[in-house]
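Examining the three-dimensional arrangement
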Amino acid sequence: MRPLWLCRRCGQPWPCGAAKLALLAEYRDSPVSLFLYLASCLHDAIDDLHQLHPDNTGSTADVFDRFLGWPTQHRSRRPPMADPQTPEEA
């Protein structure tokens with residue numbers, strides 16, 4: 001729901017948990033496109049939220065983390081891929 005940037009289903013700040021899972025599935029083969037989409041949303045959200053709360057200047061970093069912080073955290077939690085040339089240690 002714009003301009004508040006809340007999820008239409010659950011009312012939580014978007015992207016909520018369900019939206020994140022859906023976005024990960026949709027952009028599974030194109031993580032760069034996911035970041036570009038979220039960056040576009042971030043830009044729109046900052047404009048919308050600033051118009052709603054022009055005196056609240058401290059929230060830009062929080063909004064940045066909300067839109068672009070979680071995909072980075074998700075990718076860093078993936079287990080490293082095994083090198084097929086290196087035998088596994090016991």
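Starting from 1, residues in each chain are numbered consecutively following that chain's sequence as written. Two thresholds apply to this predicted model, a pLDDT of at least 70 for residue-level local features and 80 or more for giving and counting side-chain atom pairs, whereas whole-chain, interface and lining totals are computed over all residues. To get the side-chain values, take all heavy atoms of the structure and skip hydrogens and water.

**A closer look at the confidence of the model for the protein chain**
As a reminder of what qualifies: What pLDDT conveys is the predictor's confidence in a given residue, as a value from 0 to 100. The helix and strand labels rest on DSSP assignments: H or I over at least four residues marks a helix, E over at least two residues marks a strand, and numbering proceeds from the N terminus. Two residues form a contact once any of their heavy atoms are found within 4.5 Å.
Put simply, the protein chain has an average pLDDT of 82, and 77% of its residues get 70 or more. Ranking the elements of the protein chain by mean pLDDT puts helix α3 (residues 60-76) last, at 81, and helix α1 (residues 17-26) first, at 95. Scored below 50 in pLDDT, residues 78-90 shows zero contacts in the model against residues more than four places distant or in partner chains.

**Topic: unusual backbone geometry**
Heads up, the rule is: Burial here depends on accessible area, computed with a 1.4 Å probe over protein chains only, as a share of the maximum for the residue type. Under 20% is buried, over 50% is exposed, and the range in between is partly exposed.
Put simply, R2 and P3 share a cis peptide bond, and its omega is 15°. Relative to the elements of secondary structure, P3 occurs in the segment before α1. Cis geometry is found at the peptide bond from W14 to P15, where omega equals 5°. Within the chain, W5 stands out as a residue other than glycine whose phi angle is a positive 60°. Judged by its relative accessible area of 7%, W5 is buried.

**Here we look at the nonpolar core**
Quick reminder of the rule: Only buried residues count toward a nonpolar core. Its members are Ala, Val, Leu, Ile, Met, Phe, Trp, Tyr and Cys residues joined through side-chain atoms within 4.5 Å.
Ranked by internal contacts, the top residues of the largest apolar core, which has 17 residues, are W5, W14, L23, L34, L38, V63 and F67. Among the secondary structure elements, those contributing two or more residues to this core are α1, α2 (31-52) and α3. Sorting elements by how many residues they give to this core places α2 first, with six residues.

**Some details on the pattern of salt bridges**
For the record, the criterion: Should a side-chain nitrogen of Lys or Arg be within 4 Å of a carboxyl oxygen of Asp or Glu, the pair is scored as a salt bridge.
For the structure shown, the criterion picks out two salt bridges. The salt bridge involving D44 is made with R2; its shortest N-O contact spans 3.9 Å. A residue pair is termed long-range when its members are at least 10 positions apart, and D44 in helix α2 and R2 in the segment before α1 qualify at 42 residues. Classification of D44 as partly exposed rests on a relative accessible area of 27%. Across the pair R2 and D48 runs a salt bridge whose closest N-O atoms are separated by 3.0 Å. Taken as a pair, R2 in the segment before α1 and D48 in helix α2 lie far apart in primary sequence, 46 residues in all. Among the charged side chains, a salt-bridge network with shared partners connects R2, D44 and D48.

**Examining the layout of surface pockets**
As a reminder, the rule being used: Cavity and pocket criteria rest on a 1 Å grid covering protein atoms alone: a 1.4 Å probe that fits but cannot get out defines a cavity, protein on both sides within 12 Å along at least 5 of 7 lines defines an open pocket, and an atom within 4 Å of a point defines a lining residue. Grid points are joined across faces, edges and corners, and a volume is the space filled by probe spheres set on the points. The nonpolar class holds Ala, Val, Leu, Ile, Met, Phe, Trp, Tyr, Cys and Pro. Asp, Glu, Lys and Arg form the charged class, and all remaining residues, Gly among them, are polar.
One number sums up the size of the largest pocket: a volume of about 230 Å³. Lining the largest pocket we find M1, R2, W5, L6, C7, R8, R9, W14, C16, A18, A19 and Y37. Of the residues belonging to the lining of the largest pocket, the class tally is nine nonpolar, no polar and three charged.

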